[in-house]
Every structure is written in structure tokens, then in C-alpha cells.
Amino acid sequence: MDFELTPEQELIRRTVRGFAEGEIAPVAEELDRTKAFPYGIVAELGKLGLMGIPFPQSCGGGGGDTLAYALAVEELARVDSSVAITVCAHTSLGTQPVYLYGSEQQKSEWLPQLCSGQRLGAFGLTEPEAGSDAGATRTRARLQDGQWVINGAKQFITNAGTDISGMVSITALTSDGTEGEREISNLIVANGTPGYEQGEPYRKMGWNASDTRPLTFSDCRVLEQNLLGPRGAGFKQFLHVLDIGRIGVAAMGVGLAQGALDQALAYARERRAFGQPISRFQAIQMKLADMSTEIEAARLLVYRAAREKDAGRNFSLSAAQAKLKTGRLAVRCAEEAVQIHGGYGYIEEYPVCRFYRDAKILTIGEGTDEVQQMVIARALGA
Ligand SMILES: Cc1cc2nc3c(=O)[nH]c(=O)nc-3n(C[C@H](O)[C@H](O)[C@H](O)COP(=O)(O)OP(=O)(O)OC[C@H]3O[C@@H](n4cnc5c(N)ncnc54)[C@H](O)[C@@H]3O)c2cc1C
């Protein structure tokens, strides 16, 4: 495997690092504390061409590859996970289904406004009774007089309820209810469609500046043409979209872990105890050394998954492995970084405090660790 980044990939990493350190780091604590959605930052990311990195320029995207996208997400999460998940959910989950399965009409309607960041895309899979068992969806769409009539509820959906949210792709049962038949299809529902409501944002442990809400559909009518791809293909489609999404979330795990290490190292060199910087104590050095080594190993897993996807190979296994490894690593590195900060790590002014709260969801969202283990074991033939 080639470990060198191309000049384009290096450029994107440098650009996003500069933006994250210059524009996001100074406001991240306040955005988290006030739970304010980062509209200004999203607008700037749009101007930099970072809201549609892996989509062709002909669709309004950045024309980058999956690795370039992963690098950008990693650099964002190194500084702030709320911004990173906003970009990640928008790109991998919101825009990707339209790009992969949309008709020419759907693509020309949605991709330019999504890729420019003028509008955000969301992906509505999870339901109150269907999380890991996502195929157990209860939301129903019945075809009536050329329209789909949608009834049901979605839960924990990212990016659906902001002022700039444009649309959500949802899974729904489109079979007519005859016994045993479970036909799942994907449908596009635009914000503002009567019968589609976004509930109040959840009060979360972390990702406080990102938008997560429950959604309800009550006799919500959309045109028959809002079907995304062939009728009945929804299950296969969302499995593929989740595989892609895992690369992005895994990049978030590496980024958060790296940010925690960077903060911990800088702090350890400054903080003095017993007459010397705490970085001179072997106990602290061993923590830093372990974090650094694990991060490098995890980063290679993420890049491998991205490269496999870009090479057109099957990347399900490596994406699940990368997601499993990096979620756990992010939790562990955030905890070690807090430990190295001592009492200050428990105080919100220090970024590691936020990192600690933001890390946990990485072992749950986009498929829990247990789901990744199921995917990996299945791929191994167990
Ligand atoms: C902040 C946030 C943002 C999110 N954004 C989105 C989004 O944009 N779109 C979206 O569709 N969803 C989103 N989700 C939902 C997320 O993907 C789900 O929460 C996750 O998939 C787990 O589903 P669940 O919460 O229903 O847990 P459950 O599926 O009920 O799982 C509960 C526990 O049981 C375990 N478990 C379940 N089945 C098995 C099994 N077969 N074997 C072993 N263990 C098992 C799980 O691993 C977990 O530990 C988001 C969630 C959060 C919190």
C-alpha cells in the first residue's frame, strides 16, 4: 500500500488544519456551551469547497477522493467534533444517497445546493424501535394517486432541523402490509413538506453544537418521483451508505484521539510538579507514547479503508475494523488526556473536557461496537 499522500490530499489536510485552528478552535468551547449550531463555520466550509469533497465537480462537489475527505474530517475532529459530525453526516449520509441512487432530476435539484453547503442533507434510518436492527423500520409509505403518503417516526437524526436543512433521505416500508413481505425503500423528503415535523433538539452528552432531533411524518405526501433508486432497494442501499459513513466516523475517531494527544502533550510540557514539567515523569511519558502508537496504527486502518473504496474494492470489512478501533481509541485517548490534565481536565475551559464528552458516541453512532463486531465476524466467515 502506498503511504504517501498526493499533493491534493496534502493541500486539503493543510487547508482544513489551518481553518480548524484559526476559525473553529477559538469558538468551539462557546458553541458547545451555548449549544449553538455553527452556521458561520458551515458557510465558510462551503466557500472553501469542503461541504462536498468526494463528489465530482460536475455535480458541484470538490472532486476529491475518499482519503481526501477522511483527512478533512480528521482535521476537523482534531479541534471540534460538533463541526466534524455536521460535515460528516451531511456528506456521507445526507448527500451520498442522492449521489449514488438519485435520478438525474433528483441530482440536479439537490447536489449543487448540498455540495456547496447552502443546504444540509440528513439521513433518517434510526427509529424508536429500529436502531441496530435498522431493517425493523416501522415508518410506512403508501402509494396513493401518484404520491407517497408517509407515516412514522425517526429518532436521533443529525442535520435535519437547522435553518439550512434541505432534505432527509428516509427508509420506509413500501410493501402493502401483506403478511411477511417487508419491502424497504428510500424516499427524499424536503424540509417544509406538510406533515414532516422536526422535534426539539435532544439534550446530549456531547456533540452539543450539532443538530440532532426526532422526526415525525403524519400523512406526509411526497411525489412518486421522490423514491430514491428502485422500489424495494432501500435495505441494500442503506447498508452501503453505512459502510461509506463508517470511514468518515472512523476518521473522526482518529482526529479526536490526535487532538487529545496534542492537548495532553502541550499541557504536560507546561505543567510543573515536584520541580519539573510533568512530561518528565515516566508514567506520563508512557501514556503519551501509547496514545501516539495506537493513533498511528488506527490511522493506517482508516486510510486503508478509504484507499480500498477509492480503488473500487470491497471495503466493508476494513471500514468496520477502522470504525471499531478508532471509536474505542478516541474514548481511551480522551480519558488519558483528561488524566494528564489532572483537575483542569475536568474543567470545561480545557478542550479535553469536551473531547471526553464528545468521544463516547463514537462507539455507538453509525453502528455500535457490537454491530461492527457482527459485521467483522461475518466477513471473516464466522
Ligand atoms: C448524537 C446521535 C446522532 C445520530 N445521528 C443519526 C443519524 O443522522 N441518522 C440515523 O439514522 N441515526 C442516527 N443516530 C442513531 C444511531 O445510529 C443509533 O443510536 C445506533 O445505531 C444504535 O441504535 P439504538 O440507539 O437504537 O441502540 P440499540 O440498537 O437498541 O442497541 C442497544 C444496545 O444493544 C446492543 N445490541 C443490539 N443488537 C445487538 C446484537 N444483535 N448483538 C449484540 N448486541 C446488540 C447494541 O450494540 C447496544 O449496545 C444518532 C445517534 C446519536 C446518539
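Everything discussed here concerns the structure shown above.
The following paragraphs examine the structure supplied in this document. (Residues numbered from 1 in each chain as written. Predicted model: local features only at pLDDT ≥ 70, side-chain atom pairs only at ≥ 80, totals over all residues. Heavy atoms only, no water.)

### Overview of the site of the ligand
Then step 1. Close to the ligand lie 16 residues; Thr-126, Ser-132, Phe-156, Thr-368 and Glu-370 are nearest.
Then step 2. Here Ser-132 contributes a side-chain N or O atom positioned 2.6 Å from an oxygen atom of the ligand.
Then step 3. Within the backbone of Phe-156, one N or O atom sits 2.8 Å away from a nitrogen atom of the ligand.
Then step 4. For the ligand, the protein covers 63% of the area, taking 970 Å² as the surface of the free molecule.
Then step 5. Elements that contribute at least two residues to the shell around the ligand include exactly strand S3 (147-158) and helix H10 (369-380). (Near = heavy atom within 4 Å. Polar contact = N/O pair within 3.5 Å; in protein donor to acceptor, adjacent residues only side chain to side chain. Areas by Shrake-Rupley, 256 points an atom, 1.4 Å probe, with all protein chains shown as cover. Helix = DSSP H or I, 4+ residues; strand = E, 2+ residues; numbered from the N terminus.)

### Things to note about the packing of helix H4 (residues 81-101) against helix H5 (residues 104-115)
Then step 1. Look at H4 against H5: their axes get within 9 Å of each other, and the N-to-C directions meet at 155°. As summarised for this structure, H4 and H5 are arranged roughly antiparallel, according to the angle between their axes. For the element pair H4 and H5, the recorded crossing hand is left-handed. Residues His-90, Thr-95, Val-98, Tyr-99 and Tyr-101 of H4 lie in contact with H5, whose contacting residues are Gln-106, Lys-107, Trp-110, Leu-111, Leu-114 and Cys-115. (Axes fitted to C-alpha atoms, helices over the stretch in contact; angles between N-to-C directions. Parallel < 35°, antiparallel > 145°, perpendicular 65-115°, else oblique. Left-handed = near helix turned anticlockwise from the far one by under 90°. Contact = heavy atoms within 4.5 Å.)

### A few points about the side chain of Arg-354
Then step 1. Within the secondary structure layout, Arg-354 lies in helix H9 (residues 351-359).
Then step 2. On the accessibility criterion, Arg-354 (6% relative accessible area) is buried.
Then step 3. Non-local contacts of Arg-354, meaning those with residues more than four positions away in its chain, are made with Ala-28, Glu-29, Asp-32, Val-79, Asp-80 and Glu-348. (Buried < 20%, exposed > 50% of the residue type's maximum accessible area, 1.4 Å probe, protein only.)

### Some remarks on the environment of Pro-230
Then step 1. With respect to the helices and strands, the residue Pro-230 is situated in the loop between strand S8 (227-228) and helix H6 (234-270).
Then step 2. With relative accessibility at 53%, the residue Pro-230 sits in the exposed group.

### Digging into the packing of aromatic side chains
Then step 1. All told, the structure shown has 9 aromatic pairs when counted by the stated rule.
Then step 2. Grouping aromatic residues by their ring pairs yields a cluster made of Tyr-267, Tyr-344 and Tyr-350.
Then step 3. Geometry around Tyr-99 places Lys-107 over its ring, the cationic atom sitting 5.5 Å from the centre. (Phe/Tyr/Trp six-rings, centres within 6.5 Å; stacked < 30°, edge-to-face > 60°. Lys NZ or Arg CZ within 6 Å of the ring centre and 35° of its normal.)

### Brief notes about the nonpolar core
Then step 1. Counting residues in each nonpolar core, the largest one holds 79 residues, and the members touching the most others are Ile-24, Leu-45, Leu-76, Met-252 and Val-302.
Then step 2. If you tally residues by element for this core, the top one is H6, at 17 residues.
Then step 3. Beyond its immediate stretch of four places on either side in the chain, Leu-76 contacts Val-16, Ile-24, Leu-45, Val-83, Ala-84 and Val-87.
Then step 4. The next biggest cluster of nonpolar side chains, apart from the first, holds 17 residues, and it includes Trp-148, Ile-150, Ala-172 and Leu-187. (Core = buried A, V, L, I, M, F, W, Y, C linked by side-chain atoms within 4.5 Å.)

By themselves, these are just geometric observations and shouldn't be taken as functional.
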